[in-house]
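Next come the chains, spelled out residue by residue.
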Amino acid sequence: EPEVTQTPSHQVTQMGQEVILRCVPISNHLYFYWYRQILGQKVEFLVSFYNNEISEKSEIFDDQFSVERPDGSNFTLKIRSTKLEDSAMYFCASSPEYEQFFGPGTRLTVL
Amino acid sequence: SQQGEEDPQALSIQEGENATMNCSYKTSINNLQWYRQNSGRGLVHLILIRSNEREKHSGRLRVTLDTSKKSSSLLITASRAADTASYFCAAVSYNQGGKLIFGQGTELSVKP
C-alpha cells in the first residue's frame, strides 16, 4: 500500500542553522500539507500546497519557513534560521481530496 | 477559533470494554476526521464522516456526528491492548482551505 515517507526521521541542529525536511507524498495525490507537533501539544497546521503553490498558511509559517516541490515526487519544508522553539515533530501529509495521509514525521531538535 | 476539542483527556479501561471519546467544534464543517497516534509516531487516519452523515461504522469503530450540537463521538467496541494510543478529531472546513484543525486528543489506555 502506498504511503507518505519522510526523511530524516530525526534531525539535530544548532540554533540559527538552516534545515530542510523532506517528504515524498503518495504519487497520485494533489494536496500537500505540513503540520507540526510540539512535545505534549496538539498537532498544528503549518501550510497547504496545491497546484505548485501555497494555498494557505498559518501564523506559525512566517518568513523563516518555505516549501517547495522541486520535482514530481519530493515536497520539502525549509526553515532558514532555526530557533529553539522550532523543536517539534514535523509531519507531512498528502491527500487525493478529503482524507489526509500522514508520514511518520521528522523529529527536529534545535540546540 | 478552536476546533476539535476532545474529552476526556485521558481514558483508562480494561480489555474488552468499550471506549467512547467525544469531540466538539465551533464553526461549521464539511467533514470531521478521527486519527490515531501511537506514542511518538505518525498519525493514522481512522475514519471520515461528512457533515450530511449522522453515523458511520468501520470495523470496531463507530463515529457519530451531531451538527446541531457541533459534536462527534468515536466509539471503539471490544477494545484491545493494541488500541492504546492517542485519538484526535480534526475538523475540516473548505472555506478554511481544507486544513485539519486538531484538538488536544484523548489518551486511551487499554489494560490487558
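Residues numbered from 1 in each chain as written. Chains lettered and ligands numbered in written order. Predicted model: local features only at pLDDT ≥ 70, side-chain atom pairs only at ≥ 80, totals over all residues. Heavy atoms only, no water.

This part covers the sheet that holds strand β6 (residues 55–58) of chain B. Residue and element names in this part refer to chain B. Spatial ordering of the open sheet is given by β1-β3-β8-β7-β6, a layout of 5 strands whose pairing is antiparallel. Both edges of this open sheet fall to β1 (5–7) and β6, since each of them pairs with a single strand only. Within this sheet the neighbouring strands show an average axis-to-axis angle of 20°, counted without direction. The pairing of strand β7 (residues 61–66) with strand β8 (residues 71–76) spans 6 bridges and is antiparallel. When the sheet's bridge partners are listed, Arg62 is paired in β8 with Leu75. (Pairing = 2+ DSSP bridges. Helix = DSSP H or I, 4+ residues; strand = E, 2+ residues; numbered from the N terminus. Axes fitted to C-alpha atoms, helices over the stretch in contact; angles between N-to-C directions.)

The next point concerns the nonpolar core. Formed by 22 residues in total, the largest nonpolar core has its most connected members in Met21(B), Leu32(B), Trp34(B), Leu74(B), Ile76(B) and Leu108(B). Mapped by element, the contributors of at least two residues to this core are β2 (10–14), β3 (19–24), β4 (31–37), β5 (43–50), β7, β8, β9 (85–92) and β11 (106–111) of chain B. At 4 residues, β9(B) tops the list of elements feeding residues into this core. Apart from residues lying up to four places away in sequence, Leu108(B) is in contact with Leu11(B), Ile13(B), Ala19(B), Met21(B), Ile76(B), Asp83(B), Thr84(B), Ala85(B) and Tyr87(B). In this structure, Leu77(A), Ile79(A), Ala88(A) and Val110(A) belong to the second largest nonpolar core, which totals 21 residues. (Core = buried A, V, L, I, M, F, W, Y, C linked by side-chain atoms within 4.5 Å. Buried < 20%, exposed > 50% of the residue type's maximum accessible area, 1.4 Å probe, protein only. Contact = heavy atoms within 4.5 Å.)

Glancing now at the pairing of β8(B). The buried fraction of β8(B) is high, at 5 of 6 residues. Between β7(B) and the antiparallel strand that follows it, β8(B), lie 4 residues; Lys70(B) among them carries a positive phi value of about 50°.

All right, on to the pattern of salt bridges then. Counting across every chain of the model gives 5 salt bridges over all chains. One salt bridge connects Glu44(A) with Arg36(A), and the closest N-O pair in it is separated by 3.3 Å. Judged by its relative accessible area of 9%, Arg36(A) is buried. Among the salt bridges present, the one from Glu55(B) reaches Arg62(B), with a minimum N-O distance of 3.1 Å. Owing to a relative accessible area of 30%, Arg62(B) belongs among the partly exposed residues under this scheme. (Salt bridge = Lys/Arg side-chain N within 4 Å of Asp/Glu carboxyl O.)

With that settled, the discussion passes to unusual backbone geometry. With omega at -10°, the peptide bond leading from Thr7(A) into Pro8(A) counts as cis. Relative to the assigned elements, Pro8(A) resides in the loop between β1 (5–7) and β2 (10–13). Of note in this structure, Lys70(B) is not a glycine but carries a positive phi near 50°. With respect to the secondary-structure elements, Lys70(B) resides in the loop between β7 and β8. Judged by relative accessible area, which is 29%, Lys70(B) ranks as partly exposed. In this model, Ala78(B) sits at a positive phi of 45°, which is unusual for a non-glycine residue. Owing to a relative accessible area of 39%, Ala78(B) belongs among the partly exposed residues under this scheme.

Time to look at the sheet that holds β1(A). Strand pairing in a sheet takes place through backbone hydrogen bonds and is either antiparallel or parallel in direction. All names here are of chain A. Read from one edge of the open sheet, 4 strands run β1-β3-β8-β7, paired in antiparallel fashion. Looking at which strands have only one partner, the edges of the open sheet turn out to be β1 and β7 (65–68). Each adjacent strand pair in this sheet contributes to an overall mean axis angle of 20°, direction not counted. With 4 bridges joining them, β7 and strand β8 (residues 75–79) adopt antiparallel strand pairing. Looking at β8, one finds that Glu68 is bridged to Thr76.

Any functional reading would require information that these geometric values do not contain.
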